[in-house]
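# Structural features, examined
Listed below are the residues making up each chain.
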Amino acid sequence: MKQDYKEYEEKIKMNDNLKFDAERGETRTYEAAGKKITCRAYLGIVYCERPADPVQKLNIFVPEAYGQGGTVCGYTKDTAPIFIPNTVGGYLPGPADEPGLNIRTGMPNSIFTALEHGCVVVSGGVRGRTSGKRNSEFFEGGKTDDTGQYDGKMVGKAPALIVDMKAVIRYIRHNRSLIPGDTERIITSGTSAGGALSALAGAAGNSQDYVPYLKEIGAADERDDVFAANCYCPIHNLENADAAYEWQFGGIRDYYRTRHQKTENGIIRIPEEGTMTDRQMELSQELQNRFPAYLNSLNLKDENGNSLKLDNNGEGSFLEYIKGQILKSASRELAFHGAASHLSRLAAPGSAVDTFPALTILGESAVGLDWKAYMKAITRMKPAPAFDATDLKSPENEEFGSMEMEARHFSEFSMEHTETEAEMAPAQLIRMLNPTQYIGNADTAKHWRIRHGSFDRDTSFAIPVILALLLENNGYDVDFFLPWGIPHSGDYDLQELFAWIDTICG
Ligand code: DHB
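These notes cover the structure that comes with them. (Residues numbered from 1 in each chain as written. Predicted model: local features only at pLDDT ≥ 70, side-chain atom pairs only at ≥ 80, totals over all residues. Heavy atoms only, no water.)

Turning to the site of the ligand, a few remarks are in order. With respect to spatial proximity, the complete set of residues near the ligand consists of Gly 89, Gly 90, Ser 192, Ala 193, Ile 235, Lys 382, Phe 387, Glu 396, Asp 458 and His 488. At a separation of 2.7 Å, an oxygen atom of the ligand approaches a polar side-chain atom of Ser 192. Within the side chain of Asp 458, a nitrogen or oxygen atom sits 2.6 Å from an oxygen atom of the ligand. With the chains in place, 94% of the 290 Å² that the ligand exposes on its own is no longer accessible. When the residues that make up the shell around the ligand are grouped by side-chain class, the tally is three nonpolar, four polar and three charged. (Near = heavy atom within 4 Å. Polar contact = N/O pair within 3.5 Å; in protein donor to acceptor, adjacent residues only side chain to side chain. Areas by Shrake-Rupley, 256 points an atom, 1.4 Å probe, with all protein chains shown as cover. Nonpolar A, V, L, I, M, F, W, Y, C, P; charged D, E, K, R; others polar.)

Here you go:
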């Protein structure tokens, strides 16, 4: 019997299409911002047996020293954390990436920095809302789907992005004896929709909900939980984000945003200004009215166990808590004397803390915040409803489409108020894209780092704050901060990110 079993195992091994081939590696030197890094690179590995789209490939980078039994920043080839950043933006496909320059920050990107810090890096390409079909002309976020097969089948709608990320994690675990790094120290990272993806990977480890989808693409049969999740401005909790947005920006009529348009000469940015119609103002008021019931249903508590609630006017301890978080951010900036902060180079115009109109400053501390004036100063970005658009034209509507349908609604409110022939995405699918639903109901990551700029207006501050509080209240370790003046962006504080990784791996 034992013999039979062994033979069976051998057979599986021989037929193992997902076995990592170490021979494929090459030594590469990458340059960014005047720095160089040499590593072992394994590029373009298909990480599942039945891929639906060419984007489903991953790159692995291993610090050069690990080939000679060396150490980097105290890590060895056996103890190194495995850092898994994603390139998802705007719920578009996020292809696998390589070490290089981050154009936005002008600094080496997170892959480069992670390698300098001794991490093994896995960059996995994941499907997005336009996978398998030609990209629409307008999109938010700046990534194009130039890897899709364009056969018209929409293979990248929800929950494809998280299914692919889980398949990447499973591939790495499947090959744990062959790939350097510690598979019990997997850390995901991403920004915006990519931050939501990192949060999902962190929250929903080993959940059975995703298994049929993982089987469909032929993912390895392994655990897919992670050790830690780093999330910059995660655009998540989408079915509650409209009410949260109006709770924060209700009463503000004008909106301002920049759209990205693809042209033959690259991507151009088109400023778009608008004023909400009377109808949109009505929707805003109705959504605003709905937020307290949702917030109160969560039974959130601060670090002292005080309950955080809102009254019917949207006021109360939860609002005061968020104001406190913004004041903490402003005070830290004051301590850095404004321009001395290393982040100020990346800060939004008009965010100088000393002269910022909505703040009351006493000595070195920000002690008062005029909430309405603050929102007026940072301005509204999206008309109501901000995410589940009544014309089905938002990136999130497209994300919740299906193989056959371009876009669907994902909130009862917008379904009730739709202006078009529309369907609602299935409840289970909506749940599978919401990390808050899985906290403590799956193998949720122990450690979390969440950053959301104090000038970010892509989603309400309530959304990252709810994520952080739900995690903390359920006993997870959370490092949360709203860095002063930072707009919707990520990877601006990579040295601090890797210092945090050292702390949790220590
Ligand atoms: C992103 C930004 C948004 O405002 C949004 O609604 C969805 C995604 C992004 O940058 O990924």
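Let us keep going from here.
Another aspect to go through is the nonpolar core. Membership of the largest hydrophobic core comes to 143 residues, with the highest contact counts inside it found for Ile 60, Phe 291, Phe 318, Tyr 374 and Trp 448. When residues no more than four places from it in sequence are discounted, the contact partners of Tyr 374 are Ile 326, Phe 356, Ala 358, Leu 369, Ser 454, Phe 455, Phe 461 and Trp 484. (Core = buried A, V, L, I, M, F, W, Y, C linked by side-chain atoms within 4.5 Å. Buried < 20%, exposed > 50% of the residue type's maximum accessible area, 1.4 Å probe, protein only. Contact = heavy atoms within 4.5 Å.)

Quick look at the sheet that holds strand 15 (residues 447-451) now. Strand order in the open sheet formed by nine strands is 1-2-3-7-4-9-10-15-16, with mixed pairing between adjacent strands. A single partner strand is all that each edge strand has here, and the edge strands are strand 1 (26-32) and strand 16 (477-481). Neighbour-to-neighbour, the strand axes of this sheet turn through a mean angle of 20 degrees, independent of strand direction. The pairing of strand 4 (residues 82-85) with strand 7 (residues 120-124) spans two bridges and is classified as parallel. Following the sheet pairing, Ile 82 is matched in strand 7 by Val 120. The sheet strands contacting helix 3 (residues 160-174) are strand 2 (35-46), strand 3 (57-63), strand 4, strand 7 and strand 9 (186-191), and the helix crosses strand 4 at an angle near 160 degrees. Helix-sheet contacts for helix 13 (residues 462-473) involve strand 15 and strand 16, and the interaxial angle to strand 16 is about 155 degrees. (Pairing = 2+ DSSP bridges. Helix = DSSP H or I, 4+ residues; strand = E, 2+ residues; numbered from the N terminus. Axes fitted to C-alpha atoms, helices over the stretch in contact; angles between N-to-C directions.)

Turning our eyes to something else, we now look at the pattern of salt bridges. For the structure shown, the criterion picks out 26 salt bridges. Residue Arg 431 is joined to Asp 209 by a salt bridge in which the shortest nitrogen-to-oxygen separation is 3.6 Å. Separated by 222 residues along the polypeptide, Arg 431 in helix 12 (residues 427-432) and Asp 209 in the loop between helix 4 (193-203) and helix 5 (211-216) bring together distant segments of the chain. Look at Arg 431 and you get partly exposed, because its relative accessible area is 28%. Salt bridges sharing partners connect three or more residues here, namely Arg 173, Glu 184, Arg 223 and Asp 225. (Salt bridge = Lys/Arg side-chain N within 4 Å of Asp/Glu carboxyl O.)

The subject of this paragraph is unusual backbone geometry. In this model, Ala 158 is joined to Pro 159 through a cis peptide bond whose omega is 5 degrees. Looking at the secondary structure, you find Pro 159 in the loop between strand 8 (138-139) and helix 3. With an omega dihedral of -10 degrees, the bond running from Ala 384 to Pro 385 counts as a cis peptide bond. Within the chain, Ser 192 stands out as a residue other than glycine whose phi angle is a positive 65 degrees. Here Ser 192 is to be found in the loop between strand 9 and helix 4. For Ser 192, a relative accessible area of 12% puts it in the buried group.

This part is about the packing of helix 3 against helix 4. Running from N to C, helix 3 and helix 4 point in directions that differ by 60 degrees, and their axes come no closer than 10 Å. Here helix 3 is positioned oblique relative to helix 4, judged by the angle of their axes. When you trace helix 3 past helix 4, the crossing you get is right-handed. Contacts between helix 3 and helix 4 involve Leu 161, Ile 162, Met 165 and Ile 169 from the former and Leu 197, Leu 200 and Ala 201 from the latter. (Parallel < 35°, antiparallel > 145°, perpendicular 65-115°, else oblique. Left-handed = near helix turned anticlockwise from the far one by under 90°.)

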